[in-house]
Amino acid sequence: MKQIIQMMFLILTLVFGGTIATSHAQIVKIQDAAFANYLFQNYPSACPQKGELNVATANTILGTMDFSNQNITSIDELIYFKSIKNVIGINNKITKLPSLVGFKNITSLNLSRNKINVAPDFSSLTTLTAFNLSNNLLQEFPIIGSLPNLKYISISNNLITALPSFNQLPALDSVGLQRNLLTVNAITPLATRPNYETIFYPFSQNELSKDITINMYVGEELSITLPDEIGGSGVRFRWFANNVVNNTVGEDSPTFTIKNVVKGKNIYESALYAKDIPKW
């Protein structure tokens, strides 16, 4: 009888103990309704109730998470999916990335066509091979440090004005830098890298404009020279006037000149500009 009572007590203890563990599982509230709906529909084991996330279960999720075109503004709870391998969230309204410290398996991240305006820190993601943050609102380049496996970067169509050193990225194969606000001075250091022309794609950049007014008499010479940071040596330019190529100016010249200004003929109202020409 004593043995039966002890066994029953042991069983009750184990069952009761399991109940305690379950009731104390860490549950967090998902802040963004659209992200909550996506997780509830695609990861029911981690989201037993809509708007709530089981942290322990989320940490076991593997594979690819694709929440593209979901009208999501925040993905703060992504921090709990530390075992995920690929993250895709194209064409949303996300403004920043949460910390990805502790993500030991992630190989690719594509959050293009969002509204990200805070440069993320990828420096701890040693397994990362590719990231795409094109078509966002970044003013600074993401922090990349020395990532041994990073091969592909696309950061085109942002507002970036300066570049990091890429010297500690031994596997780097392609960097898309088009349509930013990079000057010649920012791009020139890249030319010292081996295979520069096959790895880096900096042209063409968005307009670096400055409105100017020049008052002059008919018959005078008009001459406009690009500043050094834009028209540095080794950069080729083609001049346009009123959206038409101006053939009177040499293709590689950083200076636009009209020898004899004629009233009604050489009037360019905010329509005189130069474009860089790719070297390849």
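A. Highlighting unusual backbone geometry. Phi at asparagine 71 takes a positive value of approximately 60°, unusual for a residue other than glycine. Although it is not a glycine, asparagine 135 sits at a positive phi angle of roughly 60°. Here asparagine 135 is to be found in the loop between β6 (130-132) and β7 (152-154).

B. The arrangement of helix α2 (residues 33-42) in detail. Along α2, the residues classified as buried are Phe35, Ala36, Tyr38 and Leu39. Here the buried residues of α2 occupy an arc of 160° about the axis, which is enough to place them on one side. Turned more than 90 degrees away from the buried face of α2 sit Ala33 and Gln41, all of them exposed. Buried positions along α2 lie against β3 (64-66).

C. Examining the environment of leucine 150 more closely. When you line up the elements, leucine 150 lands in the loop between β6 and β7. Separated by 23 residues in sequence, leucine 150 and threonine 127 place their C-alpha atoms 7.8 Å apart. Ignoring sequence-local partners within four residues, the contact set of leucine 150 consists of Leu128, Thr129, Ala130, Phe131, Ile144, Leu169, Ala171 and Leu172.

D. Main features of the sheet that holds strand β4 (residues 86-88). Strand order in the open sheet made by the seven strands is β3-β4-β5-β6-β7-β8-β9, with parallel pairing throughout. Every interior strand has two partners, whereas the edge strands, β3 and β9 (200-201), have only one. Pairing analysis gives three bridges linking β3 to β4, with the strands arranged parallel. Residue pairing for β4: aspartate 66 is matched across the bridge by isoleucine 88.

E. Fine view of the nonpolar core. Of all hydrophobic cores here, the largest spans 54 residues; its most connected members are Phe67, Leu109, Phe122, Phe131 and Phe166. With four residues, α2 is the single largest residue contributor to this core.

F. A look at the packing of aromatic side chains. Under the definition given, this model contains eight aromatic pairs. Aromatic pair tyrosine 38 and tyrosine 43: ring centres 6.2 Å apart, planes at 70°, arrangement edge-to-face.

G. The arrangement of the confidence of the model for the protein chain in detail. On average, residues of the protein chain score 76 in pLDDT, and 63% of them are at 70 or above. With pLDDT under 50 throughout, residues 1-23 is counted as low confidence; its partners more than four residues away or in other chains account for zero contacts. Of the regions scoring below 50 in pLDDT, residues 261-280 engages in 55 contacts with residues more than four places distant in sequence or in other chains.

Analysis parameters
Residues numbered from 1 in each chain as written. Predicted model: local features only at pLDDT ≥ 70, side-chain atom pairs only at ≥ 80, totals over all residues. Heavy atoms only, no water. Helix = DSSP H or I, 4+ residues; strand = E, 2+ residues; numbered from the N terminus. Buried < 20%, exposed > 50% of the residue type's maximum accessible area, 1.4 Å probe, protein only. Arc of directions from axis to C-beta. Contact = heavy atoms within 4.5 Å. Pairing = 2+ DSSP bridges. Core = buried A, V, L, I, M, F, W, Y, C linked by side-chain atoms within 4.5 Å. Phe/Tyr/Trp six-rings, centres within 6.5 Å; stacked < 30°, edge-to-face > 60°. pLDDT = per-residue confidence, 0-100.

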